[in-house]
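# Structure at a glance
Given next are the chains, with one letter for each unit.
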Amino acid sequence: MNLQLVSLQFVIKWLLICIIVGFVVGSASAFFLVALDWATHYRESHTWLIWLLPLAGLVVGGLYHYWGASVAKGNNQLIEELQKSTQTIPLLMMPLILVTTVITHLFGGSAGREGTAVQMGGALADNLYLWGSKLTEKLGFKRDTAHFDRKIILIVGISAGFASVFGTPLAGTVFALEVAIIGKMRYEAILPSLLGAIVADYVCQSVWHVGHTHYVVSEQTPLIPTSLVWAMLAGAIFGLMGLIFAQMTHAWGNFFKQKLSYPPLRAVIGGVLVAILLIGFKAERYSGLGVPVIVEAFQKTINWYDFLGKTFFTSLTLGSGFKGGEVTPLFYIGATLGNTLSTIIPLPLSLLAAMGFVGVFSGASNTPLACTLMGIELFGAESAVFMAIACITAYLFSGHVGIYASQIVGGNKAPMKEINEFF
């Protein structure tokens, strides 16, 4: 009975905390999504803004160089705090990533939004925890679980940010538990992570009425031996694509760091390259989030090379120092790659687009369970098995390199001893 009483106390405590954190983070995500939507539409009706991308790069690079060095690691900083918990995330992370992401999108940079929402969520949650700790100390309460609580509150902030920006509370819950250590999950935080994700998603959609894009898988296919084999082949390709994207992004980042010692200049040069190539090749479809192209990939055959174009422009944009996330571009890459594969793999076009949507993200982020749940939340339970096959196979084939450099390996993706003995 003592265990049940402790569990009840745990549930009540974290429900109250998650209501507060979820409301704050969900509200921040709603504001961010509205600002991002405005920036996207304004740029699309004023395409000449792309020519100012180098100037935007100077602003973004300068803000982080002169004022944001303490939060420059972004998502990796949150992951490192989950692993070793050394210091509070500066609240500066929240407004800085918000402003610089909107600037990146306003002037045509190819980037996403997950990184922004996760960083806002983590920074807000961590500082709410800090303020709450100071308040409880002033009131004379002693807490013996401060270190433990802080890790959980960071997970809550991450899950709340992820869930509210995509409208996927289950995926947000598991993403926050999976992301820090490859091959291991943090089950001690599973309930707070779920509560934070649910509250934040509800606040974003139902309180502030900020919705999300809906994607439709219009065709299904029975799970038979041949479709299973084809789905696993597609998943392996998605995993390799996730690996390529991660390596290209890191390669661009290393290139700019080696060639240009002054950080703000990196984004300026990157902005010049992106602007010239976008306008010179009339490749505006690869700027910004690219949501219209993602929607198109579920409906009809598109350019076979769209996934390559988005990979190039996003890796260059982020590698040179612009801000945003990688996830929506990975959705774009995966959906368009799945669309292309439908010409050679005998599975329905919209189903392959959906499998690629979550599969490439799974391979690049090393979060297969979160991506499987995201596929189910976005595309329905009818596609659940195919989503799982794509995500888990992609995870296996993407290796241990991912978009989050601070991830540590908690377990091999495959039993290496058995593989070596087999060969």
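You'll find the structure just up there.
Residues numbered from 1 in each chain as written. Predicted model: local features only at pLDDT ≥ 70, side-chain atom pairs only at ≥ 80, totals over all residues. Heavy atoms only, no water.

## Brief notes about the nonpolar core
Membership of the largest hydrophobic core comes to 119 residues, with the highest contact counts inside it found for Phe 175, Phe 238, Phe 298, Met 355, Phe 357, Phe 361 and Phe 379. With eleven residues, helix 1 (residues 2–45) is the largest single contributor of residues to this core. With near-sequence residues (within four places) excluded, Phe 238 lies in contact with Gly 334, Leu 337, Gly 338, Leu 341, Leu 352, Met 355, Gly 356, Gly 359, Val 360, Ala 390 and Ala 394. (Core = buried A, V, L, I, M, F, W, Y, C linked by side-chain atoms within 4.5 Å. Buried < 20%, exposed > 50% of the residue type's maximum accessible area, 1.4 Å probe, protein only. Helix = DSSP H or I, 4+ residues; strand = E, 2+ residues; numbered from the N terminus. Contact = heavy atoms within 4.5 Å.)

## Focus on unusual backbone geometry
Positive phi, normally seen in glycine, also occurs at Lys 282, with a value near 50°. Here Lys 282 lies in the loop between helix 10 (263–280) and helix 11 (291–297). Note on Lys 282: relative accessible area 72%, which makes it exposed. At Asn 366, a position not held by glycine, the phi torsion is positive, near 60°. Examined against the element boundaries, Asn 366 turns out to sit in the loop between helix 14 (349–365) and helix 15 (368–379).

## Regarding helix 10
Taking 1.5 Å of rise per residue, 18 residues should cover 26 Å, and helix 10 covers 26 Å from first to last C-alpha, within 8% of that figure. Among the residues making up helix 10, those that are buried are Pro 264, Arg 266, Ala 267, Val 268, Gly 270, Gly 271, Val 274, Ala 275 and Leu 278. On its buried face, helix 10 is in contact with helix 2 (53–66), helix 9 (225–259) and helix 12 (306–319). Looking at the residues trailing helix 10, positive phi occurs at Lys 282, about 50°. (Expected span 1.5 Å × (residues − 1).)

## Observations regarding the packing of aromatic side chains
For the structure shown, the criterion picks out 24 aromatic pairs. With centroids separated by 5.2 Å and ring planes inclined at 80°, the aromatic side chains of Phe 312 and Phe 313 adopt a geometry described as edge-to-face. Among the aromatic residues, those joined into a ring-pair cluster are Phe 162, Phe 166, Phe 175, Tyr 215, Phe 298, Phe 331, Phe 357, Phe 361, Phe 379 and Tyr 404. One Lys or Arg, Lys 323, reaches over the ring of Tyr 64 and ends 4.4 Å from the middle of that ring. (Phe/Tyr/Trp six-rings, centres within 6.5 Å; stacked < 30°, edge-to-face > 60°. Lys NZ or Arg CZ within 6 Å of the ring centre and 35° of its normal.)

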